[in-house]
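Listed below, chain by chain, are the residues.
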Amino acid sequence: MKALIVEGGALRTVFSAGVLDAFLVNQFDPFDLYIGVSGGSMSMTYFLSKSYQATYEITKKIIVDTEFMGLKNIFSEEGYINLAYLQEYADRSYPLDIPGLEKVSRNKKIEIVATNIEDGKPVYLWPTIQNWRDCLKASSTLPFLTKGYYWINDLKLMDGGWADPIPARRAIESGADQVVIIRSQPLSYRSDWHYFGVIGQFMNRNNPAMKDLFAREHIVYNEALDFLKEEHTEQIIQIAPPDYLKTTAYSATEEKLTIDYRTGLDMGLQFIREYGGGF
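One structure accompanies this document, and this report is about it. All values derive from a computational prediction rather than experimental measurement.

This next bit is on the packing of aromatic side chains. Overall, the coordinates contain 11 aromatic pairs when judged by the stated rule. Between tyrosine 56 and tyrosine 261, the ring centres sit 4.2 Å apart and the planes meet at 10°, which makes this aromatic pair stacked. Pair noted here: tyrosine 56 is in helix α3 (residues 54–62) and tyrosine 261 is in helix α11 (residues 254–275), with a separation of 205 residues, a long-range link. Residues tyrosine 56 and tyrosine 261 agree in their burial class; the two are buried. Above the face of the tyrosine 124 ring, arginine 170 is positioned so that its terminal group lies 4.1 Å from the ring centre.

What follows concerns unusual backbone geometry. One non-glycine residue, serine 38, adopts positive backbone phi at about 50°. Tracing the backbone shows serine 38 in the loop between β2 (33–37) and α2 (39–48). What makes serine 38 buried here is its relative accessible area of 9%. With a phi close to 65°, aspartate 154 is a non-glycine residue in the positive phi region. Along the chain, the position of aspartate 154 falls in the loop between β5 (150–152) and β6 (155–159).

Helix-helix packing is characterised by the crossing angle of the two axes and by the distance between the axes. With their axes 7 Å apart at the nearest point, helix α1 (residues 14–25) and α11 run at an angle of 40° to one another. Taken as axis vectors, α1 and α11 run oblique relative to one another. For the pair α1 and α11, the sense of crossing is right-handed. Taken together, the residues of α11 that come into contact with α1 (itself represented by Val14, Phe15, Ala17, Gly18, Val19, Asp21, Ala22 and Phe23) are Leu257, Asp260, Tyr261, Thr263, Gly264, Leu265, Met267, Gly268, Leu269, Phe271 and Ile272.

So, about the pairing of β2. Across the 5 residues that make up β2, a large majority, 5, are buried. Residues of β2 alternate between two faces, with Leu33, Ile35 and Val37 on one and Tyr34 and Gly36 on the opposite face, all of them buried. As paired strands, strand β1 (residues 2–6) and β2 are joined by 4 bridges and run parallel to one another. Counted as the bridge partner of valine 6 is glycine 36 from β2. The β-α-β motif built from β1, the intervening α1 and the parallel element β2 has right-handed crossover chirality.

Bringing the pattern of salt bridges into the picture now. All chains considered together, the criterion is met by 8 salt bridges. Among the salt bridges present, the one from glutamate 254 reaches lysine 60, with a minimum N-O distance of 3.9 Å. With glutamate 254 in helix α11 and lysine 60 in helix α3, this residue pair connects regions lying 194 residues apart in the sequence. You can call glutamate 254 partly exposed: its relative accessible area is 46%. Using a relative accessible area of 19% as the deciding quantity, one classes lysine 60 as buried. The partner of arginine 133 in a salt bridge is aspartate 91, with the nearest N and O atoms 2.9 Å apart. Here arginine 133, found in helix α6 (residues 132–140), pairs with aspartate 91, found in helix α4 (residues 83–93); they are 42 residues apart in sequence, far enough to count as distant.

Thresholds, definitions, all that
- Residues numbered from 1 in each chain as written.
- Predicted model: local features only at pLDDT ≥ 70, side-chain atom pairs only at ≥ 80, totals over all residues.
- Heavy atoms only, no water.
- Phe/Tyr/Trp six-rings, centres within 6.5 Å; stacked < 30°, edge-to-face > 60°.
- Helix = DSSP H or I, 4+ residues; strand = E, 2+ residues; numbered from the N terminus.
- Buried < 20%, exposed > 50% of the residue type's maximum accessible area, 1.4 Å probe, protein only.
- Lys NZ or Arg CZ within 6 Å of the ring centre and 35° of its normal.
- Axes fitted to C-alpha atoms, helices over the stretch in contact; angles between N-to-C directions.
- Parallel < 35°, antiparallel > 145°, perpendicular 65-115°, else oblique.
- Left-handed = near helix turned anticlockwise from the far one by under 90°.
- Contact = heavy atoms within 4.5 Å.
- Pairing = 2+ DSSP bridges.
- Right-handed = clockwise from strand over helix to strand, strands pointing away.
- Salt bridge = Lys/Arg side-chain N within 4 Å of Asp/Glu carboxyl O.

This is the structure we're talking about:
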């Protein structure tokens, strides 16, 4: 079984969009299992929808739109980053190919990762035509930046990157023997302490599981990296930026986005040249 994993990274996933657009134009899609995390799940969904450049164009639009992201939103119900506005704009300007997604989901396994706020454990959502957009929201909902949580099937969920940022183990346990991971950080990257963790611990001081998860955020991420470095009988291939992207998680210009997107295109084409024939 061949698996494709798309890591999160907020605006940095414009690199992932470039990789996937390279796959799309070359009709390269040998995968049986797809797992998307946070912002990576949106890039993955538009790839499955065969919507060329949709993620790139949406990202270009929202970085300059204060309705989506801005200080005036901080005290609103949706938070600093308005995911409801993002969905409304995406549905209007770049609607998903619902019949196409329905066909794909019948023949292949698709998962979107979220974090269960009650216990801090990863939840692997199986998107359907009825709840696909809800799954995307749940996987990208961030405490203190967006609405904070999203309910699906009586589960209170948030961004999947906290519980399982690079779900290679999940892919292998699901039966994959070839795993391709599209990263949003260079291979040299290691996570370090972050102020989000301190804020998260304070906000979840009455929830021991989540308080611990926020305290260990960088450890969880680095443990995922360590797993990739272990010897495996399965083949694991990472497609990563050669250096740190010019786009950060929550800051970018159109010029920087375009550079990072084109880097993704180049890396995607390089992967196809190197592995496409025998993968």
